[in-house]
Amino acid sequence: MRIAVAGGTGAVGTHVVELARGAGHDVVVLSRGAGVDLTTGTGLAEALVGVETVVDVASTFTLDAQESRTFFGTSTRLLLEAEQAAGTRHHVVLSIVGVDRAPHGYYAGKVLQEELVAAGDVPWTVLRATQFHEFAGQVHGSTTVGSLVLVPRMRSETVAARDVAARLVELVGAGPSGRVADLGGPETAWMADLSRAWARHRGDRRPVLGVPLPGALGRAMRDGTLVSSPDADHGTTTFAEWLQSQDEPAGQAGQAGQADQADQGAPRA
Ligand SMILES: NC(=O)c1ccc[n+]([C@@H]2O[C@H](COP(=O)([O-])OP(=O)(O)OC[C@H]3O[C@@H](n4cnc5c(N)ncnc54)[C@H](OP(=O)(O)O)[C@@H]3O)[C@@H](O)[C@H]2O)c1
């Protein structure tokens, strides 16, 4: 089947492209580097010729609700219009567990994206997943006080991006299915513990502390709103397995021992 992957150069998109090609699909990547801009429509009509299914895993980096709504609103409208013109029969989109229950600026755009897909004329599938394992590294180091690294106190159920990609490729084969069961990770943990393990793997020995964020978003992060529901499916790759599979070399044993000592007394998230 000819498939287009919007965001096919991203964290999950790279795996979608590789796994879909491995499954025998003919894959077109929609990204700016490939000459397609989803926010202007440049190159879209040409890229969708003969495409039966679009998998949308494009994203933008913003915490601002208006910016997020502009990106996901514009890109989704343009994609769906171009798909209708091209005769595309299935639109698959990746969303996030708890997206409609946590007041996060980025999530505002994801909610709009889900609404547009569900109201559109192209038959669709929506998969919501929890945060990727990579998230533990993304939150590490953005806020520091001296040598102390602060991360949000967050109950999490991270999942391997590759496990999410494998599910998306299965959904391509299944055909339009509407909103399907969420995909979570194999275990839950406090984000500070994952972030600390991620840093230790790179030899970073700074103490990591989980800090409760104020307000409704902070509550949602702590109370399990962002972990999957009991009827969810689960990826199988654990955080530890994912960490071991990363290219960065592990910290030396001596450094790890010092790290554990340095961390003693620091509250865990
Ligand atoms: N990260 C997570 O923990 C997580 C968890 C659950 C769900 N999700 C969802 O999964 C999806 C993918 O997330 P990700 O973290 O894999 O994204 P990512 O790594 O940030 O990749 C974003 C992709 O979008 C493309 N893109 C951005 N702006 C574009 C534009 N104007 N035109 C064309 N392509 C554009 C990028 O390619 P170019 O820059 O080359 O254009 C890139 O391929 C998102 O919808 C996100 O909400 C993410």
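Residues numbered from 1 in each chain as written. Predicted model: local features only at pLDDT ≥ 70, side-chain atom pairs only at ≥ 80, totals over all residues. Heavy atoms only, no water.

Draft legend 1. Here's a closer look at the site of the ligand. Near the ligand you find 26 residues, and of these Thr9, Ala11, Arg32, Tyr106 and Lys110 are the closest. In the environment of the ligand, an oxygen atom lies 2.6 Å from a nitrogen or oxygen atom belonging to the side chain of Lys110. Taken atom by atom, the bulk of the ligand overlaps the largest pocket. Residue assignment for the shell around the ligand shows that the elements contributing at least two residues are strand S4 (90-96) and helix H4 (105-119). The biggest single contributor to the shell around the ligand is S4, with 3 residues. Looking at the shell around the ligand residue by residue, the class counts come to 12 nonpolar, 11 polar and 3 charged. (Near = heavy atom within 4 Å. Polar contact = N/O pair within 3.5 Å; in protein donor to acceptor, adjacent residues only side chain to side chain. 1 Å grid on protein atoms, 1.4 Å probe; cavity = no way out; pocket = protein on both sides within 12 Å on 5 of 7 lines; lining within 4 Å. Sits in = over half its atoms within 2 Å of the grid points. Helix = DSSP H or I, 4+ residues; strand = E, 2+ residues; numbered from the N terminus. Nonpolar A, V, L, I, M, F, W, Y, C, P; charged D, E, K, R; others polar.)

Draft legend 2. Highlighting the pairing of strand S2 (residues 26-30). Inspection of the sheet shows strand S1 (residues 2-6) paired to S2 by 5 bridges, in the parallel sense. In the strand pairing of S2, Ile3 is matched with Val27. Handedness of the crossover joining S1 and S2 through helix H1 (residues 13-22): right-handed. (Pairing = 2+ DSSP bridges. Right-handed = clockwise from strand over helix to strand, strands pointing away.)

Draft legend 3. Quick peek at the packing of H1 against helix H6 (residues 161-174). At a minimum axis separation of 8 Å, H1 and H6 run at an interaxial angle of 50 degrees. The pairing of H1 with H6 is recorded here as oblique in orientation. Remark: the crossing between H1 and H6 carries right-handed chirality. For the pair H1 and H6, the contacting residues are His15, Val16, Glu18, Leu19 and Ala20 in the first and Ala161, Arg162, Ala165, Ala166, Leu168 and Val169 in the second. By residue class, the composition of the contact of H1 with H6 is 8 nonpolar, 1 polar and 2 charged. (Axes fitted to C-alpha atoms, helices over the stretch in contact; angles between N-to-C directions. Parallel < 35°, antiparallel > 145°, perpendicular 65-115°, else oblique. Left-handed = near helix turned anticlockwise from the far one by under 90°. Contact = heavy atoms within 4.5 Å.)

Draft legend 4. Highlighting the packing of helix H3 (residues 65-86) against H4. Where H3 contacts H4, the two axes come as close as 7 Å, and the packing angle between them is 25 degrees. Classified by the angle between their axes, H3 and H4 sit roughly parallel to one another. Between H3 and H4 lies a crossing whose hand is right-handed. Contacts from Ala65, Ser68, Arg69, Phe72, Gly73, Thr76, Arg77 and Leu80 in H3 reach Gly105, Tyr106, Ala108, Gly109, Lys110, Leu112, Gln113, Leu116 and Val117 in H4.

Draft legend 5. Spotlight on the packing of aromatic side chains. Tallied over the full model, the rule gives 3 aromatic pairs. Relative to Phe72, the ring of Phe71 lies with its centre 5.1 Å away and its plane at 90 degrees, an arrangement referred to as edge-to-face. Comparing Phe71 with Phe72, the two get one shared label, buried. Between the aromatic rings of Phe72 and Tyr106, the centroid separation amounts to 5.5 Å while the plane-to-plane angle is 85 degrees, which identifies the pairing as edge-to-face. Here Phe72 is found in helix H3, whereas its partner Tyr106 is found in helix H4, with 34 residues between them in sequence. On the basis of relative accessible area, Tyr106 is assigned to the buried category, the value being 14%. Three or more aromatic residues link up through ring pairs in this structure, and these residues are Phe71, Phe72 and Tyr106. Stacked on the ring of Trp190, the Lys or Arg Arg153 has its end atom at 4.3 Å from the ring centre. One cation-aromatic arrangement involves Arg155 over Trp190; the distance from NZ or CZ to the ring centre is 4.9 Å. (Phe/Tyr/Trp six-rings, centres within 6.5 Å; stacked < 30°, edge-to-face > 60°. Buried < 20%, exposed > 50% of the residue type's maximum accessible area, 1.4 Å probe, protein only. Lys NZ or Arg CZ within 6 Å of the ring centre and 35° of its normal.)

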